[in-house]
Amino acid sequence: MKYELVAGFETHIELATDTKIFCSCSTAFGGAPNSHCCPVCIGLPGTLPKLNKKVVEYGIKAGLATHGKIANISKMDRKNYCYPDLSKAYQISQLYAPLTIGGYVELSSGKKIRLHHIHIEEDAGKLIHSHGDTYVDYNRGGVPLIEIVSEPDIRYIDEAREYVEKLQQVMRYIGISDCRMQEGSMRCDVNISVRPEGSEKLGTRTEIKNMNSISNIMKAMEYEYERQVDLIENGGKVVQETLRYDDATNTTSSMRSKEDAHDYRYFRDPDLVTICVTDEEVEEIKSTLPELPTEKYKRYVSEYGVPEKDAQLLTKYRNISEYFDKAITDLKKPKTASNFIIGQMFRILQTEEDKEAFDVKTTPEQLNELCKLIEGGKVQNNLAKSTLDKMLESGKPCTEYISEEDMAGLDDSFVDDLCRQAIEANPKAVEQYKQGKEKAIMACMGYVMKNSKGKANAQDVLEKIKSMIS
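Procedures and definitions
Residues numbered from 1 in each chain as written. Predicted model: local features only at pLDDT ≥ 70, side-chain atom pairs only at ≥ 80, totals over all residues. Heavy atoms only, no water. Pairing = 2+ DSSP bridges. Helix = DSSP H or I, 4+ residues; strand = E, 2+ residues; numbered from the N terminus. Disulfide = S-S within 2.5 Å. Buried < 20%, exposed > 50% of the residue type's maximum accessible area, 1.4 Å probe, protein only. Patch = residues over 30% accessible without salt bridge, like charges linked within 9 Å, V, L, I, M, F, W, Y side chains within 5 Å. Areas by Shrake-Rupley, 256 points an atom, 1.4 Å probe, with all protein chains shown as cover. Salt bridge = Lys/Arg side-chain N within 4 Å of Asp/Glu carboxyl O. Lys, Arg positive; Asp, Glu negative; His and termini not counted. Charge placed at Lys NZ, Arg CZ, Asp CG, Glu CD. Axes fitted to C-alpha atoms, helices over the stretch in contact; angles between N-to-C directions. Parallel < 35°, antiparallel > 145°, perpendicular 65-115°, else oblique. Left-handed = near helix turned anticlockwise from the far one by under 90°. Contact = heavy atoms within 4.5 Å. Nonpolar A, V, L, I, M, F, W, Y, C, P; charged D, E, K, R; others polar. Phe/Tyr/Trp six-rings, centres within 6.5 Å; stacked < 30°, edge-to-face > 60°. Lys NZ or Arg CZ within 6 Å of the ring centre and 35° of its normal. Domains from an automatic or database assignment. Buried area = accessible area lost by both parts, 1.4 Å probe. Polar contact = N/O pair within 3.5 Å; in protein donor to acceptor, adjacent residues only side chain to side chain.

Caption draft 1: Region of the structure containing the sheet that holds strand β5 (residues 90-93). A sheet is described by the order of its strands in space; here three strands give the open sequence β5-β4-β16, paired in antiparallel fashion. Edge positions in the open sheet fall to β5 and β16 (267-268), since each of these has one partner strand only. Relative to β16, strand β4 (residues 77-80) runs antiparallel, the two sharing two bridges. Looking across to β16, one finds that Arg78 is bridged to Phe267.

Caption draft 2: The arrangement of the state of the cysteines in detail. Applying the stated criterion to the full structure yields zero disulfides. The structure places no disulfide on Cys38, whose sulfur is separated from the nearest cysteine sulfur, that of Cys25, by 3.5 Å. For Cys38, a relative accessible area of 21% gives the class partly exposed. Its sulfur unpaired, Cys179 is 9.4 Å from the next cysteine sulfur, which belongs to Cys188.

Caption draft 3: Structural view of unusual backbone geometry. Look at Asn34: it is not a glycine, yet its phi comes out positive at around 60°. Along the chain, Asn34 turns up in the loop between β1 (3-14) and α1 (53-65). The class for Asn34 is partly exposed, based on a relative accessible area of 35%. A positive phi is found at Cys179, a non-glycine position, where the angle reads about 50°. Here Cys179 shows up in the loop between α2 (157-173) and β12 (186-196). Using a relative accessible area of 0% as the deciding quantity, one classes Cys179 as buried.

Caption draft 4: Quick look at a negative patch on the surface. A cluster of acidic residues, Asp279, Glu280, Glu281, Glu283 and Glu284, forms a negative patch at the surface. Relative to the helices and strands, Glu284 resides in helix α4 (residues 279-286). The class of Glu284 is exposed, set by a relative accessible area of 56%.

Caption draft 5: Representation of the pattern of salt bridges in the model. Within the structure shown, the criterion is met by 27 salt bridges. Among the ionic pairs, Lys209 bridges to Asp189, the shortest N-O distance being 3.1 Å. One end of the pair, Lys209, is in strand β13 (residues 206-211); the other, Asp189, is in strand β12, and 20 residues separate them in sequence. Its salt-bridge partner being Glu291, residue Arg299 comes within 2.7 Å of it at the nearest N-O pair. Exposure remark for Glu291: the relative accessible area of 30% places this residue in the partly exposed category.

Caption draft 6: How the structure looks around the packing of helix α7 (residues 318-327) against helix α8 (residues 334-348). Close contact between α7 and α8 brings their axes to 9 Å; oriented N to C, the two are set at 140°. Comparing the axis directions of α7 and α8 gives the class oblique. Of the two possible hands of crossing, α7 and α8 adopt the one that is right-handed. Every residue of α8 that contacts α7 at Ile320, Tyr323, Phe324 and Ala327 is listed here: Pro334, Ala337, Ser338, Ile341, Met345 and Phe346. Its residues assigned to classes, the contact of α7 with α8 shows nine nonpolar, one polar and no charged.

Caption draft 7: Examining the packing of aromatic side chains more closely. All chains considered together, the criterion is met by eight aromatic pairs. Where Phe9 meets Tyr163, the ring centres are 5.5 Å apart and the plane angle is 55°; that geometry is what we call tilted. Of this pair, Phe9 sits in strand β1 while Tyr163 sits in helix α2; the two residues are 154 residues apart in sequence, bridging distant segments of the chain. The residues Phe9 and Tyr163 share a single accessibility class, namely buried. Ring plane angle 75° and centroid distance 5.9 Å describe the contact between Tyr81 and Tyr264, whose orientation is recorded as edge-to-face. Linking Tyr81 in the loop between β4 and β5 with Tyr264 in the loop between β15 (251-257) and β16, this pair joins segments that are 183 residues apart in sequence. For Tyr81, a relative accessible area of 25% corresponds to the partly exposed category. In textbook terms, an aromatic cluster arises when at least three aromatic residues are bridged by ring pairs, as seen for Tyr81, Tyr96, Tyr264 and Tyr266. The positively charged end of Lys79 is found above the aromatic ring belonging to Tyr264, 4.5 Å away from the centroid. The lysine or arginine in question, Lys355, covers the ring of Phe346, its NZ or CZ lying 5.4 Å from the ring centre.

Caption draft 8: Structural detail: the domain arrangement of the protein chain. Once the domains are mapped, the protein chain shows domain 1 (3-284), domain 2 (290-407) and domain 3 (412-469). Here domain 1 and domain 2 have C-alpha centroids that lie 38 Å from each other. With eight residues of domain 1 in contact, the opposing surface of domain 2 contributes 12 residues. In terms of surface lost to domain 2, no three residues of domain 1 exceed Gln169, Arg172 and Tyr173, which account for 66% of the buried area on that side. Our count for the domain 1 to domain 2 interface comes out at one salt bridge. One salt bridge connects Arg172 with Glu356, and the closest N-O pair in it is separated by 3.6 Å. Inspection of the region where domain 1 meets domain 2 yields four residue pairs in polar contact (both at pLDDT 80 or more).

This is the structure we're talking about:
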């Protein structure tokens, strides 16, 4: 029997506010243990929480960017459970009236992974285990989160990967989180079950908790799928439980039985007021959103003729796409700028972090100026490429390296002479070309380009040489 994977995600994303959700403590990552917390963070008697307005704004942005409906009225609830990293014995979250309802994340296949809702909540502290002792650091306690809860629409592990990547990309674009999984600012709980192919009935699910790496999510899902199928085929039953994933052994193991919402005895938090958001306020926030990556991608492909793969690279990070948008101002062929960015610029940006920051010395205006010289026929690609290398190293404009003489162009008779010399100087290559080895002609091309100092038009030179040989 074949089994189908069924998975849904609960994704926790730390919001990039300066202060925590209910007090003025810093949200900065790191710091000495318990140096970013106060009596409100740990719920000491006599303290009262006060909701950070920026958290609501960021939650609304997340909802709008994922096509959700923003609730005009939402409320905060207490989720009751006792754990050392939660000194109040309850977490302030949302259940009955979350901030946004519905929405979806569209994958490259066109499939939409539906969202159930997005709610805002506070993060818990952190336990540190060392030499047999356990310590508690409350710096993270009260850091604002959104939790994005999807429907169980994911059927393949590659869909799960793309879903997480798309969420990460969109949240970074709208500037509400850095989504650094390695620092815990984006963490996923994966709910997974299996069922016979063709069945509509959901199987018993397990939840793999606190995944902070896309590769580990994929490995854990693959393992858990196989484990559940093996269990069922051997006459066993899947138990609803919460699991941890061990990347060293590539296995999951039980943490505790899986609770349902009623186990947490949610009730309205009496210390916090109802959140009221008007349609006008939603529209105002919507007007601050940038163009989202999916729309940018479609625009680059349809309007600028950028190949799909290149458009994906240009839209992966917001800094790159904004640089590209400026660099192509008034260009007839935006692909020229695209090629320079993906080619020469990406070569000097070694890591994904480097690409995301896109901190290059050449400004988009300077690249635009260089591209316009190419479009105007004043410089050829070879000269432009070598010029850009110098620009990237120095931060100086192209006019520092391209003289009036360079832009004057070459006399046709001079180029013709160079082509004849190239043919005479490379008899072996010419013979190979005549025998059908197309690439052999590049030896002649190289001769001309070298002796014209990159000023000759490569396409014209190629045609001239071919014509002379034949």
